[in-house]
Every structure is written in C-alpha cells, then in structure tokens.
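What follows is the residue order along each chain.
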Amino acid sequence: MVAGGPLDGRPFAVAGQEVRVAWLKVRENKGAPGADAVSVAAFEERLEDNLYKVWNRMSPGTYFPPPVRAVEIPKAGGGTRMPGVPAVGGRVAQTVAAGRIEEAAERLFHRDSCGYRPGKSAHDAVAAARERCWKYDWVIDLDVRKFFDSVPWDLVVKAVEALGLPPWVLLYVRRWLAAPALMPDGRLEPRDRGTPQGSAVSPVPANLFLHRAFDAWMDREFPDCPFERYAGDAVIHCKTGARARRVLAALEQRMAETGLELHPGKTRIVYCKDGNRRGPWDGPVSFDFLGFTFRARPVSGKRGRFTGFGPAVSGRALARMSETVRDWHLKRHVSLTWKELAQWISPVIRGWTGYYGRFCRSALYPLLARINYHVQQWARAKYRRLRPSKALTRAWERITSQYPALFPHWQWVTSAWH
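None of the values given here were measured: they were computed from a predicted structure.

A. Main features of the pattern of salt bridges. Under the criterion given, the structure shown has 18 salt bridges. The salt bridge involving Lys53 is made with Asp49; its shortest N-O contact spans 3.7 Å. Here the residue Lys53 and the residue Asp49 both occupy positions in helix 3 (residues 47-58), the gap between them amounting to four residues, near one helical turn. We classify Lys53 as partly exposed; its relative accessible area is 34%. For the salt bridge of Glu261 with Arg145, the shortest nitrogen-to-oxygen distance reads 3.6 Å. Taken as a pair, Glu261 in the loop between helix 10 (241-257) and strand 10 (268-271) and Arg145 in the loop between strand 5 (138-143) and helix 6 (147-150) lie far apart in primary sequence, 116 residues in all. Among the charged side chains, a network of salt bridges with common partners joins Arg46, Asp49 and Lys53.

B. Molecular detail of the sheet that holds strand 10. Taking strand neighbours across the sheet as the criterion, the four strands line up as 8-9-5-10 in an open arrangement whose pairing is antiparallel. Strands at the two margins of the open sheet, each flanked by one partner only, are strand 8 (227-230) and strand 10. Between one strand axis and the next, the sheet turns by 20° as a mean value, whatever way the strands run. In this structure, strand 8 lies alongside strand 9 (residues 233-238), joined through four bridges in antiparallel fashion. Residue pairing for strand 9: Arg229 is matched across the bridge by Ala234. In this fold helix 5 (residues 122-135) packs onto strand 5, strand 8 and strand 9, with an angle of close to 160° to the strand it touches most, strand 8.

C. A look at the sheet that holds strand 1 (residues 68-70). Pairing within the open sheet is mixed, and its four strands lie in the order 4-1-6-7. Looking at which strands have only one partner, the edges of the open sheet turn out to be strand 4 (84-85) and strand 7 (188-189). Pairing analysis gives two bridges linking strand 1 to strand 6 (residues 181-182), with the strands arranged parallel. Pairing of Arg69 across the sheet is with Leu182, part of strand 6.

D. How the structure looks around the environment of Asp149. Structurally, Asp149 is set in helix 6. Taking the relative accessible area as the measure of exposure, Asp149 reaches 44% and is therefore partly exposed. C-alpha separation for the pair Asp149 and Arg370, spaced 221 residues apart in sequence, amounts to 37 Å. Excluding its chain neighbours within four sequence positions, the residues that come into contact with Asp149 are Arg193 and Gly194.

E. Representation of the packing of aromatic side chains in the model. Overall, the coordinates contain 22 aromatic pairs when judged by the stated rule. A ring pair is formed by Phe292 and Tyr356, whose centres lie 5.7 Å apart and whose planes are at 50°; its orientation type is tilted. One end of the pair, Phe292, is in strand 12 (residues 292-301); the other, Tyr356, is in helix 12 (residues 338-356), with 64 residues separating them in the sequence. By relative accessible area, Phe292 is classed as buried at 0%. Here Arg175 stacks its cationic end above the ring of Phe64, 3.8 Å away from the centre of that ring. The ring of Tyr136 has Lys239 sitting right over it, with the charged end atom 4.5 Å from the ring centre.

F. Representation of the packing of helix 7 (residues 153-161) against helix 9 (residues 203-221) within the structure. Between helix 7 and helix 9, whose axes approach to 9 Å, the crossing angle comes to 90°. In terms of orientation, helix 7 and helix 9 fall into the roughly perpendicular class. Where helix 7 approaches helix 9, its residues Leu155, Val156, Ala159 and Val160 are matched on the opposing element by Pro205, Leu208, Phe209 and Arg212. Class assignment of the residues belonging to the contact of helix 7 with helix 9 gives a composition of seven nonpolar, no polar and one charged.

G. View of helix 5. With 14 residues, helix 5 extends 20 Å between its outermost C-alpha atoms, agreeing within 8% with the 20 Å of an ideal straight helix rising 1.5 Å per residue. Among the residues of helix 5, those classed as buried are Ala122, His123, Ala125, Val126, Ala128, Ala129, Arg132 and Cys133. Of the residues flanking the start of helix 5, the one acting as N-cap is Ser121, its side-chain oxygen 3.3 Å from the backbone nitrogen of His123.

H. Structural context of the nonpolar core. One finds Met58, Val92, Ile140, Phe147, Phe214, Met218 and Ile236 to be the most contacted residues of the largest nonpolar core, which totals 69 residues. Every residue in contact with Met218, bar those within four places of it in the chain, is listed here: Pro223, Cys225, Phe227, Ile236 and Val247. If you look at the next biggest cluster of nonpolar residues, it comprises 46 residues, including Leu368, Ala369, Ile371 and Leu392.

Reading guide: rules and limits
- Residues numbered from 1 in each chain as written.
- Predicted model: local features only at pLDDT ≥ 70, side-chain atom pairs only at ≥ 80, totals over all residues.
- Heavy atoms only, no water.
- Salt bridge = Lys/Arg side-chain N within 4 Å of Asp/Glu carboxyl O.
- Helix = DSSP H or I, 4+ residues; strand = E, 2+ residues; numbered from the N terminus.
- Buried < 20%, exposed > 50% of the residue type's maximum accessible area, 1.4 Å probe, protein only.
- Pairing = 2+ DSSP bridges.
- Axes fitted to C-alpha atoms, helices over the stretch in contact; angles between N-to-C directions.
- Contact = heavy atoms within 4.5 Å.
- Phe/Tyr/Trp six-rings, centres within 6.5 Å; stacked < 30°, edge-to-face > 60°.
- Lys NZ or Arg CZ within 6 Å of the ring centre and 35° of its normal.
- Parallel < 35°, antiparallel > 145°, perpendicular 65-115°, else oblique.
- Nonpolar A, V, L, I, M, F, W, Y, C, P; charged D, E, K, R; others polar.
- Expected span 1.5 Å × (residues − 1).
- Polar contact = N/O pair within 3.5 Å; in protein donor to acceptor, adjacent residues only side chain to side chain.
- Core = buried A, V, L, I, M, F, W, Y, C linked by side-chain atoms within 4.5 Å.

Next comes the structure, spelled out in structure tokens:
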C-alpha cells in the first residue's frame, strides 16, 4: 500500500490517496509508454510497488522527472506538432500536482474559458459562440501561434505561485517544465520555454497563464466584447468592424508583452454575414472554431426557412474522417463477422457523431452515407451472392431494418453513396 502522507516526517504533504486517485485517472486515459518504454499495463503489473515509488520520491522532494518522449504527429493544415509523452509514473506524479492546481485555480477561471476544466467542454464554447454570433456582427477569430511550444516559463511559474499552493507543487512544476525531450532519433533536446503537449500537468498551468494574459485582460480592457476560449483558440465578438480592429491591435500588443504571438495566417476579422446582415465587406465571412465552420447557412425556425449564421462540421474535419474511413480498407477484412466489424468501427463513428453531430448534424450525412458504401463493399467482398446490385439492395434493407442499432449512425443514415 502507498504510505499515508506527511505524518512520517517527510517535508511535503503528498498523501498516498492522492497518488492512488491520480493513478486511476492515468489508467482511464490510457496513453502510450514514455521514454522508459513502460506501458500502462506493465505499470499495473507491479502497481503497489510503482505507486509507492512515486509517493516515496515526491514526498521528500527527490522526484526528478525523466525525459518526455517526443512524438511527431502530422497537423491537419500541414506541418507537424511534437507532443511529449511522459513515463506512466511521471503521469501519475503530474496528475497529483495538476489536481492541486486545478482545485485552487478553478474559482479564478473565466466563465467562458472552456478548455481543460471540469464540467466544461468544447461544445460549451461552440454553443456560446453560436448564440453570440446572432447578436454581434463581427468576430475576431484568433489563434495563439505555437502556444504550448512558446509560453514563457517564468510567467507560468508566476501564475501558479500566485495560487499560494504548497512549495512542492511549484518545485515539481519547474522540474516538469525543464524536462528534456527524447527525440525520435534518440537525441536529448533541452528546452527553455513551452509546456509539452501530452503532459498531464501542463494544461492547467497553461490555462492559468492565459487567464491572466488574456481572459482577465479582456474583461478589464474590453468588457463590451465577450469571447469564448479553449486553450490557445479563441473567438471575440464585437458590435462593429471598427471596434474589432481596435481590439485586435491592442491584443497583438498584449500578446507581445506576455511572450506570445498571434498566428498571422489564422487570426482575422470576420463579418457574420447572413440573410439580414448584408453590408459591404470584401473580407472573410466564415471562420473555423474547434472543428466547426461558422458561416451563413439555411436554418429552419419559427419564421420558416431563412439564412442564419451558425456552426457545422468543418471541411477539414470531414476530410480527416473520410481519410480514416478509406484507411480502414474494409474489403480486406472479410474474415470479420457483422458483429466484429461493428465492434471495430462503431466506437470511432460514435465519437464522430457525438462530437460533430451536436450542431447541424445533417452536415455529417454524406460522410455517414460514405461509411455505408464501404460497409456494402465489404459485404459484397465477403458474400458472393450479394455482388449483384439488386441482391445487395434487398439484403441491405433487411439488415438495416432488423438490426437498426448495429452501427450507431444507422439511426440517422442508412442510405449509401460513394
């Protein structure tokens, strides 16, 4: 069992129960092995011993995090990002500290800061943005350039220090920030700024930093311009284009003061043009936020059909999902049964419909119909008798009516097209 805490004379009040609760969160999140190549399953095989080691090193202040394993991941818009994967034991230790920081910081956070917070989600931010786009004609679509890679350590530490937490929390935050990255080619690369994406502890201090650098500043300087923020992505609403230009100019200066930079290619002023707002404007009339595209689109309401301004799944998100469907290569898996096929792809489809289907779900219908097409091609490859079109059509109508819950998207779309 993990020891109990500070009563044995150790200088830091790290309770054994905190370590155990942190482990449960790490196990639930799963994740890849870190630089030590120890998986979550392997860590659990010697759980009591491993949890004791984490507690025993954290309590006297002798825990030093190993390097984080850097993983190169292609970005949807081109280029790559390099999240860092800490060791499983390191993730447990980080989760202990993150819990302390989160508990102290939650009371400070802005109501429209929705990232990395209990009870808040990306859907909350998108829903708030949709309602405000009805009331405000202009939007500043902003993106902090390489936020997790460039956030200054000293300002992050100051933000955590202001919470008045026990000294060990600040000690370990400093050590985690400075942990080197083990690159894919085996090099150890030192770091002097940024918080590694993939770290269990970095989102909360980073969020706290942006609260001071952006949220509180916006409330103080531009209280007439509400916003929604999710980590480094944010949307600001303004009544006029002139106000939007003034806010953006001030915000660029503010970011420079805090060691950050707005992404020049992703930060812009957008006119929420719809059926009522038709003023002259030769700039952008749509923007992407958290995987959704906001633009003018047909809407049904009490007034009948009209052109409104709202969100639906973005084209980039649809392209990524379509690529995933193609990469399944379902026709190569004819050894699977219908049930096994559903067990394989249904969790992915359920995630897509659960997230992107929250707003204007009909925008997902072509993708879901394309999935049905690939399932039909799988059935044709598996059953020779279904290769004629009429036979496939009859069999498809029968199985979708008899087993409507076999695939989660069949409640929305059972038709198929390429």
